[in-house]
Amino acid sequence: RHDDGLDGEHDHGWGDLDEMAQIKEVLCSRASLIYDVFSLCASLGSLGEEDIYAMTPVGYSIFCQHFGLVKPGSAHCTLSHLDVIFITCDQVEVDTQDDMFNRKRALNRAEFLNALTRIAVARYILSGDGVDVSTAGGLVFARGQRRQPLAAARGGEGQGRATRVAARHHALVLGAPAH
């Protein structure tokens, strides 16, 4: 939370409501990219299966490294800080069993959106880059988009898996059969 210090009926402890609206707009404008990145990183981080519903710590680490979010020596965005964000956003109840959409020790899509917001604040606001929350939200993906495509960066096996994951993802989103 990046609180603006407001008290009273308009602040419910959520911070600046304008900031919340701004980050929502940024995330919504990149929804397709976010879903594709989530599905691919979840699949690349899964152990043997092509699970596009749960991003394990391995998939999360692949995401953070590829998009240049780790800032060595930072007071807010080292790999350890990003690991804490993962743990904080993983909302599985301790006494519940895994389900397909919210596994233990893995982020589902809603939890990933929470993590993206926290990463944006840690990487670009708390580090003193002098940007607002909407700019920070956009910068999370900027560096990775300029690099080699994520699947290609993972090698031949990654590209084959990326093709299968994309087909499965689009089939689920569009209701079309996967090929």
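Reference entry: report on the structure contained in this document. (Residues numbered from 1 in each chain as written. Predicted model: local features only at pLDDT ≥ 70, side-chain atom pairs only at ≥ 80, totals over all residues. Heavy atoms only, no water.)

What to know about helix H5 (residues 109–125)
Counted only if it meets this: Elements are defined by DSSP. Helices are runs of H or I of four residues or more, strands are runs of E of two residues or more, and each kind is numbered from the N terminus. A helix is expected to span 1.5 Å multiplied by its residue count minus one. Only protein chains enter the area calculation, which uses a 1.4 Å probe; residues under 20% of their type maximum are buried, those over 50% are exposed, and those in between are partly exposed. Any N or O atom pair separated by 3.5 Å or less is treated as a polar contact, with the protein-specific requirement of one donor-capable and one acceptor-capable atom, and with residues adjacent in sequence counted only for side-chain atom pairs.
With 17 residues, H5 should reach 24 Å at 1.5 Å per residue; the first-to-last C-alpha distance of 23 Å fits that figure. Taken together, the buried positions of H5 are Glu111, Phe112, Ala115, Leu116, Ile119, Ala120, Val121, Ala122, Arg123, Tyr124 and Ile125. Its side-chain oxygen at 3.1 Å from the backbone nitrogen of Ala110, Asn108 defines the N-terminal cap of H5.

Digging into the nonpolar core
Put simply, the rule is: Remark: nonpolar core denotes a set of buried residues (Ala, Val, Leu, Ile, Met, Phe, Trp, Tyr, Cys) joined through side-chain atoms within 4.5 Å. Pairs of residues are marked as contacts when any of their non-hydrogen atoms sit within 4.5 Å.
Judged by nonpolar contacts, the single largest core of 36 residues is most densely connected at Tyr60, Phe63 and Leu82. Elements with a minimum of two residues in this core: helix H1 (17–29), helix H2 (31–45), helix H3 (57–66), helix H4 (79–89), H5 and helix H6 (133–146). A per-element tally of this core places H5 first, with nine residues. Once you skip the residues sitting within four places of it in the chain, Leu82 turns out to touch Tyr60, Cys64, Leu69, Val70, Cys77 and Ile119.

Focus: unusual backbone geometry
Positive phi is not limited to glycine here, since Arg105 has a value of about 55°. Examined against the element boundaries, Arg105 turns out to sit in the loop between H4 and H5.

A short note on the side chain of Ser74
As for its position among the elements, Ser74 is in the loop between H3 and H4. Judged by relative accessible area, which is 12%, Ser74 ranks as buried.

Details of the environment of Gln22
Here Gln22 lies in helix H1. Judged by relative accessible area, Gln22 falls into the partly exposed class, the value being 30%. A C-alpha to C-alpha distance of 7.1 Å links Gln22 and Val133, two positions 111 residues apart in sequence. Residues in contact with Gln22, not counting those within four places in the same chain, are Val133 and Ser134.

Some words on the packing of aromatic side chains
The relative placement of two aromatic rings is captured by the distance of their centres and the angle of their planes. The cut-off we apply is this: Any Phe, Tyr or Trp ring, taking Trp's six-membered ring, that has another such ring centre within 6.5 Å forms a pair; planes under 30 degrees apart are called stacked, those over 60 apart edge-to-face, and the others tilted.
Applying the stated rule across the entire model yields four aromatic pairs. Here the aromatic rings of Tyr60 and Phe86 are separated by 5.0 Å at their centres, their planes lie at 55°, and the arrangement is tilted. Of this pair, Tyr60 sits in helix H3 while Phe86 is found in helix H4, placing the two residues 26 residues apart along the sequence. The residues Tyr60 and Phe86 share a single accessibility class, namely buried. Between Phe63 and Phe112, the aromatic rings sit 5.2 Å apart at their centres with planes inclined by 75°, giving edge-to-face as the arrangement. One end of the pair, Phe63, is in helix H3; the other, Phe112, is in helix H5, and 49 residues separate them in sequence.

Topic: H4
Note the following rule: For this quantity, the arc is that covered by the directions from the helix axis to the C-beta atoms.
When we look at burial in H4, the residues that qualify are Leu82, Ile85, Phe86 and Cys89. Buried residues along H4 cover an arc of 100° about the axis, so they all sit on one side. Exposed residues on H4 whose side chains face more than 90 degrees from its buried face are Ser80 and Ile87. Those residues of H4 hidden inside the fold are in contact with H3 and H5.

Here we look at the state of the cysteines
What makes a disulfide is a covalent bond joining the sulfur atoms belonging to two cysteines. What counts is decided by this rule: For this text, the term disulfide refers to a pair of cysteine sulfurs within 2.5 Å.
Under the criterion given, the structure shown has zero disulfides. Take Cys77: it sits in no disulfide, and the sulfur closest to it among the cysteines is that of Cys64, at 7.7 Å.

A few points about the side chain of Thr56
With respect to the helices and strands, Thr56 occurs in the loop between H2 and H3. In this structure, Thr56 is in contact with Gly45, Ser46, Phe86, Arg103, Arg105 and Ala106, ignoring residues within four places of it in sequence.

Quick look at the packing of H3 against H5
Note the cut-off: Between N-to-C directions, angles cover 0 to 180 degrees, with each direction set by a line fitted to C-alpha atoms, over the stretch in contact for helices. Note on convention: the crossing is left-handed when the near helix lies turned anticlockwise from the far helix by less than a right angle, right-handed when the turn is clockwise. Residue polarity follows a fixed list, in which Ala, Val, Leu, Ile, Met, Phe, Trp, Tyr, Cys and Pro are nonpolar, Asp, Glu, Lys and Arg are charged, and the others, Gly among them, are polar.
Look at H3 against H5: their axes get within 13 Å of each other, and the N-to-C directions meet at 35°. Crossing handedness for the pair H3 and H5: right-handed. Where H3 abuts H5, its residues Tyr60, Phe63 and Cys64 lie against Phe112, Ala115, Leu116 and Ile119. Along the lines of polarity and charge, the residues of the contact of H3 with H5 split into seven nonpolar, no polar and no charged.

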